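Breakdown of the fold
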Amino acid sequence: MPVTDAEAIDQVADQLFDAIERSDRATIAGMWADDVTVWHSGDRRDNERARALRVIDWFIDATTERRYEVLDRQVFDGGFVQQHVVHATGRDGASIALRVCIVIKVRPDGLIHRIDEYFDPKDIAPLLG
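What counts, and where the lines are drawn
- Residues numbered from 1 in each chain as written.
- Predicted model: local features only at pLDDT ≥ 70, side-chain atom pairs only at ≥ 80, totals over all residues.
- Heavy atoms only, no water.
- UniProt positions renumbered as here; feature names shortened; annotations may be inferred.
- Helix = DSSP H or I, 4+ residues; strand = E, 2+ residues; numbered from the N terminus.
- Polar contact = N/O pair within 3.5 Å; in protein donor to acceptor, adjacent residues only side chain to side chain.
- Contact = heavy atoms within 4.5 Å.
- Expected span 1.5 Å × (residues − 1).
- Buried < 20%, exposed > 50% of the residue type's maximum accessible area, 1.4 Å probe, protein only.

To continue, consider the UniProt feature "domain: SnoaL-like" (unreviewed entry) in the chain. UniProt marks residues 14–114 with the feature "domain: SnoaL-like" (unreviewed entry), using the numbering shown here. From the first C-alpha to the last, residues 14–114 spans 17 Å; its make-up is 29% helix and 50% strand.

By secondary structure assignment, the location of threonine 63 is in strand S2 (residues 63–76). A polar contact is formed between the side chain of threonine 63 and the backbone oxygen of phenylalanine 59, at a distance of 2.7 Å. If sequence neighbours within four positions are ignored, threonine 63 has contacts with Ala88, Thr89, Gly90, Arg91 and Leu127.

Before going further, it helps to spend a moment on helix H3 (residues 49–62). Look at H3: 20 Å from first C-alpha to last across 14 residues, which is about the 20 Å you get at 1.5 Å a residue. Inspection of H3 places Ala52, Leu53, Ile56, Phe59, Ile60 and Ala62 among the buried residues, and these make up the whole buried set. In this fold, the buried residues of H3 make contact with helix H1 (6–21), helix H2 (25–31), strand S1 (32–40), S2, strand S3 (79–90) and strand S4 (95–106).

See the structure below:
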């Protein structure tokens with residue numbers, strides 16, 4: 001069944017953020033299309049799948065816990081836009097509360113093929129050591 005209705009797209013969103021909270025790298029990688037492109041604030045260009053997954057790996061490795069506080073999520077045909085605060089604690093005890101707006105596009109087969117993530121890069125500095 002194609003992932004095109006709002007409920008199915010909402011489930012993709014829930015699954016993605018739950019997997020990040022649980023450090024489930026395999027689920028995250030399995031949700032991304034082979035040709036996914038990811039852009040983050042501060043990036044000069046889009047990231048291909050391998051580099052984007054390394055960023056996720058870094059975030060999981062740099063933190064001991066992560067929690068998403070969803071402020072708003074709007075589903076559109078083929079994806080969703082979400083505003084959230086990601087609360088995370090670094091390995092050294094530093095904590096962040098990073099406000100993010102993210103736009104994620106989902107193919108009819110349920111795989112994520114585009115991510116645009118907007119945040120103030122200075123707010124992640126406590127995790128950089």
